[in-house]
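Given next are the chains, with one letter for each unit.
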Amino acid sequence: MRKGAEAIAALRAGRALTVGSLTVAAVETASDAFLRLLDPGGRAPVLLSGARAAALGLANQRDSASSREPVLIERASWLDSATVRSLVDAARDFDRFGPGPLQTATLDDPKAAQAALALARRSGLMPALWVLEGEASFHLSIEEARDAARPAHVTIAARAVLPVEALDVPAQIVAMRAEEDGSEHVALLVGAPGGRAPLTRLHSECLTGDVFGSLKCDCGPQLQAALRLMAADGGGILLYLRQEGRGIGLANKIRAYALQDRGLDTVEANQRLGFADDERDYALAAAMLRALGVDRVRLLTNNPAKLAGLEAHGITAERVAHRLPANPHNAHYLAIKQAKSGHLD
Ligand SMILES: Nc1nc2c(ncn2[C@@H]2O[C@H](COP(=O)(O)OP(=O)(O)OP(=O)(O)O)[C@@H](O)[C@H]2O)c(=O)[nH]1
Ligand SMILES: [Zn+2]
């Protein structure tokens, strides 16, 4: 197994790993039995993302809420593991008074801290880590951790014909695997894309919208409309990218939804959880297009970050607007994306 995939599996399984000089385990998944073994005195400090520290009122006043400077919290005697778990979980912010006072400590190796937190984000976990003494048996360099968190190389694993309800032209599905973390992504080739820049859609995974028809977002209708537009255009490429919840993962997206139930908007919810507004990057999408022999696209999107992301990785992208009618449940969400996240139209 690739080291990146192994590191992500270790964090998800609640095991320890060493990134550079820093030995960590995820607060969300490390069990009390595991902590009693590796941290019998209950002294292990807690590493939080800058955004979460800011939400707890801990970050330097000059840092913006999306600042990536991590913060290390010392363990006071009252700060037991259950209290730490509640502290890192923003969904519980409304159910209790903020615990405190919290003491921060100096980070010896901020680069390793950044890389370890990036791995936690990529693992779909809350960005909060126990910092443990000693070295874990599984070790990766800061560089390897960064690569695993930002995969940028793919190989084609398999391809086959796929008849699709929304299409009256043939389609092929191509499964690809990211080399750095082993994650699987899909290209749907509609009709016969080729010649000029094909009509293309980068679709970020949205289980709630794509599978259940959730009305909170516009993902499902955008997916179906993109396929119909490609068929009408004679062909196109849909990349189905496994970037659930703008890259924060499914459980964290549901946490963001719980915060939205309490009145936060989509941007505020991400930040309170300890993430940037949008954690996606498009290096992998560019690599997928290149693997298909495409270096120029007409991109169905309202999100300028997708165009910039492809261009940054060598794909020429021209925008084709992709706005679907709002419904009463997603109108506010779409308005916030325009007002705060730079979405067009
Ligand atoms: N974190 C978070 N993610 C959300 C929320 N609502 C939808 N998403 C995710 O946002 C992503 C939407 O992706 P896209 O429709 O591809 O992207 P977009 O940024 O809206 O850009 P275009 O649709 O191309 O204009 C999916 O991964 C959804 O799971 C939310 O409230 N919070
Ligand atoms: Zn969605």
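Criteria and thresholds
Residues numbered from 1 in each chain as written. Chains lettered and ligands numbered in written order. Predicted model: local features only at pLDDT ≥ 70, side-chain atom pairs only at ≥ 80, totals over all residues. Heavy atoms only, no water. Donors = N, O, S within 2.8 Å, 3.2 Å for Na, K, Ca; no water. Buried < 20%, exposed > 50% of the residue type's maximum accessible area, 1.4 Å probe, protein only. UniProt positions renumbered as here; feature names shortened; annotations may be inferred. 1 Å grid on protein atoms, 1.4 Å probe; cavity = no way out; pocket = protein on both sides within 12 Å on 5 of 7 lines; lining within 4 Å. Helix = DSSP H or I, 4+ residues; strand = E, 2+ residues; numbered from the N terminus. Contact = heavy atoms within 4.5 Å. Polar contact = N/O pair within 3.5 Å; in protein donor to acceptor, adjacent residues only side chain to side chain. Near = heavy atom within 4 Å. Areas by Shrake-Rupley, 256 points an atom, 1.4 Å probe, with all protein chains shown as cover. Sits in = over half its atoms within 2 Å of the grid points. Nonpolar A, V, L, I, M, F, W, Y, C, P; charged D, E, K, R; others polar.

**With respect to the coordination of the zinc ion (ligand 2)**
Then, number 1: The coordination sphere of the zinc ion (ligand 2) contains the protein donors C206 (SG), C217 (SG) and C219 (SG), at a distance range of 2.1 to 2.2 Å.
Then, number 2: With a relative accessible area of 4%, C217 lands in the buried category.

**A short note on the UniProt feature "active site" (unreviewed entry) in the chain**
Then, number 1: The positions that UniProt labels "active site" (unreviewed entry) are, in the present scheme, D278 and R280. Of the annotated set, the members that line the largest pocket are R280.
Then, number 2: Here D278 shows up in the loop between α11 (266–273) and α12 (283–291).
Then, number 3: Of the residues examined, D278 reaches a relative accessible area of 28% and is grouped as partly exposed.
Then, number 4: Not counting residues up to four positions away in its chain, the partners in contact with D278 are R246, N270 and N303.
Then, number 5: Along the chain, R280 turns up in the loop between α11 and α12.
Then, number 6: One polar contact links R280 to S204, side chain to side chain, over a distance of 2.8 Å.

**Some remarks on the site of ligand 1**
Then, number 1: Around ligand 1 lies a shell of 25 residues, among which R201, R280, T301, K306 and K337 are the nearest.
Then, number 2: Within the backbone of S204, one N or O atom sits 3.3 Å away from an oxygen atom of ligand 1.
Then, number 3: A distance of 2.9 Å is found between an oxygen atom of ligand 1 and a side-chain nitrogen or oxygen belonging to Q260.
Then, number 4: When the free accessible area of ligand 1 is taken as 660 Å², the share hidden by the protein chains comes to 99%.
Then, number 5: In this structure the site holding ligand 1 corresponds to the second largest pocket.
Then, number 6: A breakdown of the residues in the shell around ligand 1 according to their chemical character gives 6 nonpolar, 11 polar and 8 charged.

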